[in-house]
There are 2 protein chains.
Amino acid sequence: MSPRPKIGLDLTTILDAAGEIADQYGMQEVTLANLAKKLGIRPPSLYNHFEGLPGLRKKLAIYGIEKIYEEMADAAIGVSGTEAVLAISKAYVNFARKHPGIYEATLFAPDPGDKEVQQAGAKIVDLSVRVLQVHHLEGDLALHVVRGLRSILHGFSSLEQRGGFKLSLDLDESLMIIIKAFLTGIGGEQSFTGPIPNGDQNRS
Amino acid sequence: MSPRPKIGLDLTTILDAAGEIADQYGMQEVTLANLAKKLGIRPPSLYNHFEGLPGLRKKLAIYGIEKIYEEMADAAIGVSGTEAVLAISKAYVNFARKHPGIYEATLFAPDPGDKEVQQAGAKIVDLSVRVLQVHHLEGDLALHVVRGLRSILHGFSSLEQRGGFKLSLDLDESLMIIIKAFLTGIGGEQSFTGPIPNGDQNRS
DNA sequence: TGATTTAACTAATAGTATTAGTTAAAATAA
DNA sequence: TTATTTTAACTAATACTATTAGTTAAATCA
């Protein structure tokens with residue numbers, strides 16, 4: 001039921017290779033021809049692993065979203081409150097910096113509304129909701145706030161990647177100021193300049 | 001010095017056509033073949049108007065950025081303070097909604113760091129700086145805040161376009177809450193829950 | 001008028017994804 | 001063990017891209 005022929009490529013190996021191409025040369029260079037060359041096979045052989053170029057892009061998008069989630073979840077361990085929000089935020093933008101091509105792939109899914117793609121993204125949303133729970137936001141407001149945090153993180157990363165911030169002004173400082181301001185404005189238990197109440201973990 | 005041969009296409013006509021294709025079918029369908037077909041000419045003829053596909057993408061990006069700027073500038077006429085920030089914000093996301101393909105084109109420039117592309121974007125930044133001046137932010141802080149506003153607007157538009165907000169929660173309301181919270185947190189003259197000086201619509 | 005400019009064209013090339021059909025190696029069943 | 005099945009690779013061919021080179025003819029200008 002699962003033979004291991006000549007080369008025995010598995011999907012992870014293929015996606016790792018595709019991710020390397022993306023990070024080094026950009027998503028427009030992630031072609032079946034380039035990927036096959038890197039793997040030492042012929043382009044049609046790739047069809048045994050995914051459904052053509054759209055299939056590759058979808059799988060690479062999910063692969064990227066999951067990697068971002070992992071780094072965010074890891075960053076959220078052992079911290080809480082505003083500190084936790086800042087930690088997952090840093091993890092998000094740092095992933096986009098370290099893996100610009102994979103981050104780009106995240107937005108390259110042929111159908112962003114695809115069930116599996118949405119499902120992968122939902123984990124990030126859920127994590128954000130949990131981290132923001134310290135603010136004790138009433139029902140709907142919590143969801144609006146998550147939308148805001150996601151908008152900030154994606155917008156900031158995307159603009160930074162495209163060279164949208166050209167002034168010589170520290171980028172990490174901008175991000176911290178932006179998020180702290182947003183959280184302060186939302187009005188949770190945290191205050192912009194004040195101390196962080198306590199230090200135990202919130203993570204479910 | 002400027003003959004008017006057979007058809008006499010000018011760049012604006014071409015970009016309008018390309019924009020229509022983008023809005024209807026997405027940027028991946030903006031090919032020289034499709035564009036030429038829509039214009040009634042042969043693909044190689046397009047090379048008389050721009051430098052290949054990368055040239056088209058660059059010009060279309062600038063075209064889109066300028067259109068966004070125009071709508072934002074128009075929305076800023078006759079309003080001030082927080083109201084003005086909300087007005088240009090609505091104009092921005094509404095443009096992305098009405099012209100998803102052209103908005104996509106905005107991010108499709110082959111070299112986002114290109115001088116002309118940056119110059120077009122700078123007008124939006126300048127407008128934002130002016131509109132935010134009511135908050136009397138000290139030097140650097142003003143720039144951080146502009147980065148934040150741009151991140152929110154681009155991130156929100158991009159996520160909305162990709163179906164990233166799947167909950168049945170009013171999108172305009174989210175945007176207003178997010179921006180008001182951000183401005184409140186920055187600490188300007190306005191407050192989140194307090195009355196808006198002007199008096200009309202607050203929480204959408 | 002004649003010369004020049006240039007926006008269209010045809011023809012050809014290289015690169016792309018993709019499909020169809022084939023081969024052979026590995027896993028499984030007997 | 002041998003036989004069967006599965007499947008990951010392959011070759012060959014097709015249809016689409018963008019792109020270049022060289023040509024034609026219409027509009028402008030001197």
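Predicted model, so just to flag it, every value in this text is computed and none were measured.

Caption draft 1: Main features of the overall build of chain A. Helices and strands together make up the secondary structure of chain A, namely eight helices and zero strands. For chain A, the N- to C-terminal ordering of α and β elements is α-α-α-α-α-α-α-α. A total of 204 residues make up chain A; the buried ones form 50% of that total. A total of about 10,100 Å² of accessible surface is found on chain A, and carbon and sulfur atoms cover 51% of it.

Caption draft 2: The arrangement of the interface of chain B and chain A in detail. Facing 37 residues of chain B, the contacting portion of chain A comprises 37 residues. Buried surface at the junction of chain B and chain A, summed over both partners, amounts to about 3,500 Å²; 64% is from carbon and sulfur atoms. The interface formed by chain B and chain A contains zero salt bridges. Taken together, chain B and chain A are joined by 16 residue pairs in polar contact (both at pLDDT 80 or more). Secondary-structure elements contributing two or more residues to the side of chain B that touches chain A are α6 (115-132), α7 (139-161) and α8 (171-186) of chain B.

Caption draft 3: Fine view of the packing of aromatic side chains. Residues and elements named next belong to chain B. Scanning all chains against the criterion turns up four aromatic pairs over all chains. Ring centres 5.8 Å apart and planes at 80 degrees place the aromatic pair Tyr92 and Tyr103 in the edge-to-face group. With Tyr92 in helix α4 (residues 81-98) and Tyr103 in helix α5 (residues 100-106), this residue pair connects regions lying eleven residues apart in the sequence. Here Tyr92 matches Tyr103 in class, with each residue buried.

Caption draft 4: Geometry of the packing of helix α1 (residues 11-25) of chain B against helix α2 (residues 32-39) of chain B. Residues and elements named next belong to chain B. For the pair α1 and α2, interaxial distance at closest approach is 10 Å and the crossing angle is 115 degrees. The crossing of α1 and α2 is right-handed. Contacts between α1 and α2 pair Thr13, Ile14, Ala17, Ala18, Glu20 and Ile21 from the former with Asn34, Leu35, Lys38 and Leu39 from the latter. Here the residues of the contact of α1 with α2 sort into six nonpolar, two polar and two charged.

Conventions we followed
- Residues numbered from 1 in each chain as written.
- Chains lettered and ligands numbered in written order.
- Predicted model: local features only at pLDDT ≥ 70, side-chain atom pairs only at ≥ 80, totals over all residues.
- Heavy atoms only, no water.
- Helix = DSSP H or I, 4+ residues; strand = E, 2+ residues; numbered from the N terminus.
- Buried < 20%, exposed > 50% of the residue type's maximum accessible area, 1.4 Å probe, protein only.
- Areas by Shrake-Rupley, 256 points an atom, 1.4 Å probe, with all protein chains shown as cover.
- Contact = heavy atoms within 4.5 Å.
- Buried area = accessible area lost by both parts, 1.4 Å probe.
- Salt bridge = Lys/Arg side-chain N within 4 Å of Asp/Glu carboxyl O.
- Polar contact = N/O pair within 3.5 Å; in protein donor to acceptor, adjacent residues only side chain to side chain.
- Phe/Tyr/Trp six-rings, centres within 6.5 Å; stacked < 30°, edge-to-face > 60°.
- Axes fitted to C-alpha atoms, helices over the stretch in contact; angles between N-to-C directions.
- Left-handed = near helix turned anticlockwise from the far one by under 90°.
- Nonpolar A, V, L, I, M, F, W, Y, C, P; charged D, E, K, R; others polar.

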